2 protein chains.
Amino acid sequence: MGREFDLINRYFSRPVPPGYLGGGDDCALLPVRPGKKLAVSTDLLVEGRHFFSDVSASSLGHKALAVNLSDLAAMGATPLGCVLGLAIPAIDDAWLSGFSDGFYALAEQAGCPLVGGDTTWAKKITLSITVFGEVDAACALRRDAARVDDDIWVTGMLGAPHMALLLLQDALPADVRGQMLLHESALRQALELPQPPLVFGMRLAGLAHAALDISDGFLQDLGHILTASNCGAYIRYDDLPVHPALSGLPDALRQDAVLSGGDVYQLCFTAAPAVREAIQAQAQACGVRVTRVGTITPEAGRQHVVRDNGAVVQVTRQGFQHF
Amino acid sequence: MGREFDLINRYFSRPVPPGYLGGGDDCALLPVRPGKKLAVSTDLLVEGRHFFSDVSASSLGHKALAVNLSDLAAMGATPLGCVLGLAIPAIDDAWLSGFSDGFYALAEQAGCPLVGGDTTWAKKITLSITVFGEVDAACALRRDAARVDDDIWVTGMLGAPHMALLLLQDALPADVRGQMLLHESALRQALELPQPPLVFGMRLAGLAHAALDISDGFLQDLGHILTASNCGAYIRYDDLPVHPALSGLPDALRQDAVLSGGDVYQLCFTAAPAVREAIQAQAQACGVRVTRVGTITPEAGRQHVVRDNGAVVQVTRQGFQHF
C-alpha cells in the first residue's frame, strides 16, 4: 500500500452516513432523491493566490469547504457530500491534523460528508473541492431569474474580508492600519472563517428569484445577475450593510471595500416585494441578517449606485480578477 | 467581467444536454434517475508529477478526463457529467484550444458533458477533474465483493504505459532503448491516449463481482480487491496480456512493467466461472479484449504469481507511490 493510503486512512476516512459508500473504492456513492436535480460546484485554491502560506491549517480546512458550500447556498441546494483533492509539499502531521479537523467540523455542521478524494505532491499547497447538493429544478436560485421591480437583498455584512486582506498584505496607510489593527481578530475571522448562510439559502429556494454569492465583490457578482437576467439595478449605497470595523474609514477605501471587495461568502438575491415579510421571517428563523439594498430596473446591464443625498457613486473597480 | 469569464466563454462553454444547467451559475444542475445512486470520483493532476511539461495539450485534455472515466468504468457506472478545475501559468490560446478540443472529444464520445469548472493561476499546470455517474447500488462493482473461486480477468493489455514512461524519462539501457524506439508511437499512445472500457464497465455491473482500474499497477490494485474482500489470488503469469511492444524485453524489466507498471486505465475484475461466456460475449460486443489470468483463493491477502513451468515469480515492487 502506498503512503497515499496511509494518509487518507489517517486523516480523511471518518464515517459516511448510511446509504453512502465512502472513499476507498473507485467512486463514492451518494443518494439523490427522486425528482431532485444534482447541484455541483467546484473550486481550485492555490497557496499564495487564494490563501496565505501562513494561514492556520484548521482555518484553511474550514474555508476551502465554506467557499463551495456558499455556491450550494446561492443555488438553494441541500448538501449531499463533497470530495477533496489535496496536493501538498510534504506530509506534515500537525498540518494535516489541523486541516482535516477544520474541514470535518464544517462538513458535519453543514451535513455535507466528505466521501472521497485524491492526494498528491505539489510545491504549493493546492486544494480542489467539489460539492454536491440536491434541489428541485423549478426552485433553484438561478442567476438569470431576476425580474424588474424585484427587491435586491444582501445577507450578512460587506467589506471586512477585503480590509483583512489589505491588513495582512501590509497595503494600508499607517493611520488606517492602526485603526484596522484594533479590529484585527474580527476582520481575520470574516476572511478566514466565513459562514455561508446554507440553511437560509435552502429556504430561499421557491421564495426568491435570482441569487449569487458575493465571492468576487458585490457589484461584480450583482452584474452577473443583471447580465444573465437582462436587467439593471438601482442600489441605495447608504443602505448597504457595512461591517462595523469599517466605520471611520476614508470614503474611497470604504467604498471600494464594500462595493468591490471579494471573499464575502454571503448571498445577493432578488425577490418580489410581496415576499418581504416571508424573507424577514426565514432570516430570523435562521439567525441570518438580511438587508434590502435596492431594486431591479429594466435598464439592461446598468448599475446605478446612489447615496441618500442623491449623489451618484462613481465605481472605479468591479472586483476580483482571476488572472 | 474578469478574464476568467472570457477564458471560460471561449474554451469551456460548449452546450450541455437538455435537462442540464451548465456553467455560469453558482452550481451546475444534472439529472439523476430515480433508484440510481450518484457515483463520484475526483483526481488532482500536477505538471511534472502526473504528466510531462511537453505533453501535447490535446493529449493532456483527453487523458485528464480518461483517468476519471476509468473510475466510473471500474464501478459499472453510466457517466452523467464532469467538472474541471484548471490552474495555468498564463493564458496561451493554442494550448487552451488544444486542451479543450482533446477534453471535449472524449467527453462527447463518452456521453459525459462538461458542466462547470473553475480557472485560476498557478506556476505549474494543475488539473482537477471530478466525474459523476449513476449506478444501481446493488450492481455497483465494489472492491470488497470478490468471492473465493472467482475468475480474475483483465481488460486490454499490460506494460506499455510503463515502458513509455521509461523511454520518455531516458531511463533505459541503450540496447533496450533502441528496441523500444521502434515502438515509440504505440507506446506513447498507450500512455497519453488511454481508452478506458466505459461501455463494457457498465455491462459488467450485475455480471461481475469486484472491479478496479489498474492505474497504480496490476498487483497493487488487485491487492486492494484482496484486502477489501479478505481473500487471496493465484495469478498465471504467462496468461497475462502483455503489450506486443514488450516482447523480447529482458525478463526482469518485462515482469516489472507487467506486474507493477501503472497508468493502465483498464479493468481488473472478478466474476463467477459460470458467467465466463456472458463476459466474453459482452466484451466482443464492446470491442474490448478480456483475458482470464487467475483465480481468487481463500488465503487472505496472498498474491501467488506462478509461471506455466511451475516457477514462482518473485515480486520486487508493488506499483505507483503517490508520495
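Residues numbered from 1 in each chain as written. Chains lettered and ligands numbered in written order. Predicted model: local features only at pLDDT ≥ 70, side-chain atom pairs only at ≥ 80, totals over all residues. Heavy atoms only, no water.

Undergrad: Explain the sheet that holds strand β7 (residues 210-214) of chain B to me, and be specific about the residues and the numbers.
TA: Residues and elements named next belong to chain B. In space, the 6 strands of this open sheet follow the order β7-β9-β6-β10-β8-β11, with mixed pairing throughout. In this open sheet, the two edge strands, each paired with only one partner strand, are β7 and β11 (303-306). On average, each strand axis in the sheet is inclined to that of its neighbour by 25°, with strand direction left out of account. Bridge count for strand β6 (residues 151-155) against strand β10 (residues 290-297) is 5 bridges, and the pairing is antiparallel. (Pairing = 2+ DSSP bridges. Helix = DSSP H or I, 4+ residues; strand = E, 2+ residues; numbered from the N terminus. Axes fitted to C-alpha atoms, helices over the stretch in contact; angles between N-to-C directions.)

Undergrad: Any details on the domain arrangement of chain A? Residues and values, ideally.
TA: Residues and elements named next belong to chain A. Domain assignment breaks chain A into domain 1 (3-138) and domain 2 (151-306). The C-alpha-based centres of domain 1 and domain 2 are spaced at 25 Å. Opposite the 19 residues of domain 1 that make contact, domain 2 presents 20 residues. For the domain 1 and domain 2 pair, buried surface summed over both sides reaches about 1,600 Å², with 66% attributable to carbon and sulfur atoms. The shortest N-O distance in the salt bridge between D263 and K63 comes to 3.2 Å. Taken together, domain 1 and domain 2 are joined by 4 residue pairs in polar contact (both at pLDDT 80 or more). Elements that contribute at least two residues to the side of domain 1 that touches domain 2 include exactly α2 (57-75), β3 (78-88) and α3 (93-110). The element that contributes the greatest number of residues to the side of domain 1 that touches domain 2 is α2, accounting for 11 residues. Residue composition of the side of domain 1 that touches domain 2, by class: 11 nonpolar, 6 polar and 2 charged. (Domains from an automatic or database assignment. Contact = heavy atoms within 4.5 Å. Buried area = accessible area lost by both parts, 1.4 Å probe. Salt bridge = Lys/Arg side-chain N within 4 Å of Asp/Glu carboxyl O. Polar contact = N/O pair within 3.5 Å; in protein donor to acceptor, adjacent residues only side chain to side chain. Nonpolar A, V, L, I, M, F, W, Y, C, P; charged D, E, K, R; others polar.)

Undergrad: Help me get a handle on the packing of helix α4 (residues 160-168) of chain A against helix α6 (residues 184-192) of chain A, residues and values and all.
TA: Residue and element names in this part refer to chain A. For the pair α4 and α6, the least separation of the axes is 8 Å and the interaxial angle reads 110°. If you check the angle between α4 and α6, you find them roughly perpendicular. With respect to the hand of their crossing, α4 and α6 are arranged in left-handed fashion. Facing A160, P161, M163, A164, L165, L167 and L168 of α4, the residues of α6 in contact are E184, L187, R188, A190, L191 and E192. Across the contact of α4 with α6, the residue classes break down as 10 nonpolar, no polar and 3 charged. (Parallel < 35°, antiparallel > 145°, perpendicular 65-115°, else oblique. Left-handed = near helix turned anticlockwise from the far one by under 90°.)

Undergrad: Which residues make up the relation of the copies chain B and chain A, and what are the values?
TA: Superposition record for chain B on chain A: RMSD 0.0 Å, screw rotation 180°, translation along axis 0.0 Å. Such a turn and shift between the copies fits a two-fold axis. Residue P34(B) of chain B places its C-alpha closer to the rotation axis than any other residue of that unit, at 2.3 Å. Most of the interface of chain B is mirrored in chain A: 100% of its interface residues are interface residues there too. (Least-squares fit on C-alpha atoms with pLDDT ≥ 70 in both.)

Undergrad: Outline the interface of chain B and chain A, listing residues and values.
TA: Facing 65 residues of chain B, the contacting portion of chain A comprises 65 residues. Both faces combined, the contact of chain B with chain A buries some 5,500 Å², and carbon together with sulfur accounts for 63% of it. Counting the contacts that link chain B with chain A gives 2 salt bridges. A salt bridge links D25(A) to R143(B), with the shortest nitrogen-to-oxygen separation between them at 3.9 Å. Counting across the chain B and chain A interface gives 17 residue pairs in polar contact (both at pLDDT 80 or more). Residue contributions to the side of chain B that touches chain A peak at 9 residues, all from strand β2 (residues 36-46) of chain B.

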